[in-house]
Amino acid sequence: MSFLALLFYIFSAILLASALGVIAARHPVHSALSLVLAFFTMAALWILLGAEFLGLALIIIYVGAVMVFFLFVIMMLDTRHPEKIKANWRVTLPPLVLIGIIMFAELAMLIMHGSHAREAMPVPEAGNTLALGQAMFDRYIYSLEVVAILLLSAMVAAIALTHRKNPLAKRQDPSKQMAVKAEDRLRLVKMTAEREEDNESDVSSGNVSLGNKPDGKGISS
Amino acid sequence: MIDAMAHFFAEWGTLGMLVWTLLKIICIALPLPIIVAFYVYAERRVIGATQWRYGPTRVGPYGLLQSFADLLKMLFKEIIWPQRANKGLFTIAPVLVVITAMASWAVIPVSDKLWLTDIDASLLYIMMLSSVGVYGIILAGWSANSRYAFLGAMRSTAQLISYELAMGFALVGVVLLTHSLNLLEIVHHQEGGILSWHVWPLLPLFFVYWFAGIAETNRHPFDMAEGESELVAGFHVEHGGITFALFFLAEYINMIIISVLIVILFLGGWMAPFPFLNEIGFLGITPLGDGFLWLVVKVVFFLFAYLWIRATFPRYRYDQIMRLGWKVFIPLTLFWVVIVAVATQWSRMFG
Amino acid sequence: MERAKQFFKTWLLWDMITGLRLTLRRMFEPRTTVFYPEEKTPKSRRFRGMHALRRYENGEERCIACKLCEAVCPALAITIDIAEREDGTRRTTRYEVDMSKCIYCGMCEESCPVDSIVLTNIHEYHGESHQDLYFTKEMLLAVGDRYERQIAHDRAGDAAYR
């Protein structure tokens, strides 16, 4: 058994175990982390096959972005009592079984009848990234554009659905805040200094203001 | 000599390759913490200087051994696992962060002849590692079972993801110019003096990459993740002793990586700024020519800039950081990438 | 015009460059650090540090056990016991200051009619346990004997303002 084959079996074993962990783990965070591990080993397998661009892209997109958002959401939930979020088996089991059967049938059909699926694609001479780019932007350019527009519309729809202006919400606008200068907020006024006599007369008549209370008993009296 | 050693180990077959790889890993893993130690010392001295004080001066001559004393202290401190913390994840999180920081060095070339591996998609590999580095932070924050740590982790993750997009687009500009994801080829594309470096055609992307790099490493003024005044220390509040030291180490290694990448991608890597410097020299040695020295000089500037910026600016507010990432950096990079794409296509068709 | 100026200022990071220039300039200015154990900043004559009990020049202790300091001490750090000495004078048999209670307000010194209890300008003293910081009469007198010159010098210099 060559070293590469050994690596392949090790990664496959980890992949299967972590995939099982995704559905078997009690804690949602643990199953999400198992999924991360599954993505990682998957990427490793792809790199073993010579598809390093795909492998790295898988990690960047799924591990680096998608799963992080997943974890974000899961960690925000109250997961202290995992037994409470147990699903009702009677409701969930039939669709699950149905989906499982369909997926299994599809895979079986592909493996049994698909002629090109069994042959490994030859590793292109000019490097994986270039070959992939050429295939994507020459041969499949229209499908790529369609996918891009679909994703864009999905994004726009999601934003339109969730982004409601709350009239009560108060927001700061940093660009306005940064544009503010001292003169806009503060006015410096030049005043002549008050004279001593004015102060003294104030003090002498100060009793009036204090003694002006309705009951006639000033603090100073 | 390196070739001879590689040959020697290659004769042993698979085992030899493993030993050879292990040796290479040690070549990265040993010097890095030492560089980081001196960088931490430099940070304290520089920030001290801007504040009319000295910083560490006591341990060793000029306080040079201060970082090692701190390290020793942290090594001997007890690791405390908070109550109801997820012990496994809590311990593994700092290790994850350090692994992702160190692994990037496998593909970073530091001179024409000095690199560990030369893979086709090395740029992509580095992007992958920096996106995976988030996990250490998010796991550290979550597993500690502490509000401060969790808030810090959430902030830091949101910030990392937003700025990763801007960084990615800045890299797209570089790739458009060089038609390659390989760091060696990217450097070689910039041959021929200061005017052929990538900074000039990609000036806005250079600045975006630089500032996003500061945000990416959670450094001032983007250090929301550990805003002392509100979160105590952010995602690593509960980590102490060696687990904290690992976070610290990873942060500084990441800073060095970002600085090296800026230099490699935009500033010609180890190329001398003026080609005639390659001709000055005697006995076939050109001290001022292309080589490791120039890389060090350029990297040191950016490392200093980290400290300089930290000493100067107050921390950004959280919404300002998000706004800067999404509303300034990403549109700017998108716009410039389109311009670069059109320009390269134009020169290919008509030029 | 104003808006154009603002625009360029924002995008050329003008404010940031100004700040960076300031910190860079600071880096080359002289520093204000005092290397403490080797260098020390001058101390005031009125510095309130470690306690001491003084003696007259003939060696007789000043304290007459009036207990004013004990009464005035806001932290209740001073404990005094009194007895008549063989020569018929009123003296303390016990005069103890708990340094870990003391807040160094200096009221004992102010209340003392014979300038017996004083606060010296020594602040570099320590104890490894609570007991070490419990100063007995002998210790206080010893401190006074040892630093009498410094104490007298400080008091004389400050006398005009008292």
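Conventions we followed
- Chains are numbered independently. Their residues run from 1 in the order of the written sequence.
- Whichever chain is written first becomes A and whichever ligand is written first becomes 1, with later ones labelled in order.
- Totals for whole chains, interfaces and linings use all residues, but because this is a predicted model, local features are given only for residues with pLDDT of at least 70 and pairs of side-chain atoms are given and counted only at 80 or more.
- Hydrogen atoms and water are omitted, and side-chain values are computed over all heavy atoms in the structure.
- Here a strand is any run of E in DSSP of at least two residues, a helix any run of H or I of at least four, and the numbering for each starts at the N terminus.
- Only protein chains enter the area calculation, which uses a 1.4 Å probe; residues under 20% of their type maximum are buried, those over 50% are exposed, and those in between are partly exposed.
- Contact definition: two residues touch when any of their heavy atoms are within 4.5 Å.
- The quantity reported as buried area is the accessible area (1.4 Å probe) lost by two parts once they are put together, taken as the sum for both.
- Any carboxyl oxygen of Asp or Glu within 4 Å of a side-chain nitrogen of Lys or Arg constitutes a salt bridge here.
- For this classification, the nonpolar set comprises Ala, Val, Leu, Ile, Met, Phe, Trp, Tyr, Cys and Pro, the charged set comprises Asp, Glu, Lys and Arg, and every other residue, Gly included, is treated as polar.
- Where each domain starts and ends follows an automatic or database-derived domain assignment.
- Polar contacts, as counted here, are pairs of nitrogen or oxygen atoms within 3.5 Å of one another; within protein the pair requires one atom able to donate a hydrogen and one able to accept it, and residues that are adjacent in sequence qualify only if both atoms are side-chain atoms.
- Lines fitted to C-alpha atoms define the axes, with helix axes restricted to the stretch in contact, and inter-axis angles between N-to-C directions lie between 0 and 180 degrees.
- We call two directions roughly parallel when the angle between them is under 35 degrees, roughly antiparallel when it is over 145, roughly perpendicular when it lies between 65 and 115, and oblique otherwise.
- Here is the rule for handedness: rotate from the far helix to the near one, and if that takes an anticlockwise turn smaller than a right angle the crossing is left-handed, while a clockwise turn gives right-handed.
- Here, strands pair whenever DSSP counts at least two bridges between them.
- Nonpolar core, defined: a set of buried Ala, Val, Leu, Ile, Met, Phe, Trp, Tyr and Cys residues in which side-chain atoms within 4.5 Å join the residues together.
- Every helix has an expected span of 1.5 Å times one less than the residues it contains.

1. Observations concerning the overall build of chain B
Part 1: Along the backbone of chain B there are 13 helices and zero strands.
Part 2: Its helices and strands taken in sequence order, chain B reads α-α-α-α-α-α-α-α-α-α-α-α-α from the N to the C terminus.
Part 3: The dimensions of chain B, computed from C-alpha atoms along their principal axes, are 65 × 50 × 50 Å.
Part 4: Out of the 351 residues belonging to chain B, those deemed buried represent 53%.

2. Some points on the interface of chain B and chain C
Part 1: Each partner contributes residues to the interface: chain B has 18 residues there, and chain C has 18 residues.
Part 2: Buried surface at the junction of chain B and chain C, both sides included, amounts to about 1,700 Å², of which 70% is carbon and sulfur.
Part 3: Taken as a group, Trp52, Tyr54 and Trp308 of chain B account for 39% of the area that chain B buries against chain C, more than any other trio of residues on that side.
Part 4: Remark: the boundary between chain B and chain C carries one salt bridge.
Part 5: Two residues, Glu38 of chain C and Arg58 of chain B, come together in a salt bridge whose shortest N-O distance is 3.1 Å.
Part 6: For the side of chain B that touches chain C, the secondary-structure elements that each account for two or more residues are helix H3 (31-50), helix H12 (292-312) and helix H13 (318-350) of chain B.
Part 7: The element contributing the most residues to the side of chain B that touches chain C is H12 of chain B, with five residues.
Part 8: For the side of chain B that touches chain C, the class distribution of residues is 13 nonpolar, three polar and two charged.

3. Description of the environment of Leu124 of chain B
Part 1: The topology assignment puts Leu124 of chain B in helix H6 (residues 122-143).
Part 2: It is 25 Å that separates the C-alpha atoms of Leu124 of chain B and Met154 of chain B, two residues lying 30 residues apart in sequence.
Part 3: Beyond its immediate stretch of four places on either side in the chain, Leu124 of chain B contacts Phe53, Leu56 and Ile60 of chain A together with Leu181 of chain B.

4. Describing the domain arrangement of chain B
All names here are of chain B.
Part 1: Domain boundaries assigned for chain B yield domain 1 (1-76) and domain 2 (78-350).
Part 2: At the junction of the two partners, domain 1 supplies 18 residues and domain 2 supplies 23 residues.
Part 3: Regarding the contact of domain 1 and domain 2, the summed buried area is about 1,800 Å², with carbon and sulfur atoms giving 82% of it.
Part 4: Looking at the side of domain 1 facing domain 2, the largest losses of area belong to Tyr39, Glu43 and Met74, adding up to 35% of the total buried there.
Part 5: Our enumeration of links across domain 1 and domain 2 arrives at two salt bridges.
Part 6: Here Glu43 and Arg310 are joined by a salt bridge, their closest N and O atoms 2.5 Å apart.
Part 7: Along the contact surface separating domain 1 from domain 2 lie five residue pairs in polar contact (both at pLDDT 80 or more).
Part 8: When contributions to the side of domain 1 that touches domain 2 are tallied by element, the ones reaching two or more residues are helix H2 (14-29), H3 and helix H4 (66-76).
Part 9: Class assignment for the residues of the side of domain 1 that touches domain 2 results in 15 nonpolar, one polar and two charged.

5. As for the interface of chain B and chain A
A common way to report how large an interface is uses the accessible area buried once the components associate.
Part 1: Counting residues at the interface gives 27 residues for chain B, matched by 29 residues for chain A.
Part 2: For the chain B and chain A pair, buried surface summed over both sides reaches about 2,400 Å², with 77% attributable to carbon and sulfur atoms.
Part 3: Between the two partners, chain B and chain A, sit zero salt bridges.
Part 4: In this structure, the connection of chain B to chain A is made through two residue pairs in polar contact (both at pLDDT 80 or more).
Part 5: At the level of secondary structure, the elements contributing two or more residues to the side of chain B that touches chain A comprise H6, helix H7 (147-178) and H13 of chain B.
Part 6: It is H6 of chain B that contributes the most residues to the side of chain B that touches chain A, 11 residues altogether.
Part 7: Residues belonging to the side of chain B that touches chain A are distributed by class as follows: 17 nonpolar, five polar and five charged.

6. What about the packing of helix H9 (residues 203-216) of chain B against H12 of chain B?
Residues and elements named next belong to chain B.
Part 1: In the contact formed by H9 and H12, the axes pass within 11 Å of each other and the chain directions differ by 60 degrees. If you check the angle between H9 and H12, you find them oblique. Pair H9 / H12 crosses with right-handed handedness. Along the contact surface, H9 presents Phe206, Trp210, Gly213 and Ile214, while H12 presents Phe301, Phe302, Ala305, Tyr306 and Ile309.

7. What to know about the pairing of strand S3 (residues 90-98) of chain C
Residues and elements named next belong to chain C.
Part 1: As paired elements, strand S2 (residues 78-84) and S3 share seven bridges and run antiparallel to each other. What sits directly across from Ile82, in S3, is Thr92.
Part 2: Hairpin connection, S2 to S3: the antiparallel pair is bridged by five residues, and Gly88 has positive phi, about 90 degrees.
Part 3: In the sheet, S3 pairs with strand S5 (residues 134-135) via two bridges, with the strands oriented antiparallel. By the bridge assignment, Asp98 is partnered in S5 with Tyr134.

8. With respect to the nonpolar core
Within soluble globular proteins, side chains that are nonpolar generally end up buried alongside one another.
Part 1: Counting 124 residues, the largest nonpolar core has Trp105, Leu183, Tyr209, Ile253, Leu265 and Phe266 of chain B as its most contacted members.
Part 2: The leading source of residues in this core is helix H11 (residues 241-266) of chain B, at 16 residues.
Part 3: By size, the runner-up hydrophobic cluster in this structure holds 25 residues, among which are Val114, Val118, Leu141 and Ile151 of chain C.

9. Considerations on H3 of chain B
Part 1: A rise of 1.5 Å per residue sets the reference length of H3 of chain B, with its 20 residues, at 28 Å; its end C-alpha atoms lie 29 Å apart and thus fit the reference within 8%.
Part 2: Taken from the residues just after H3 of chain B, Trp52 of chain B is the one with a positive phi, measuring 65 degrees.

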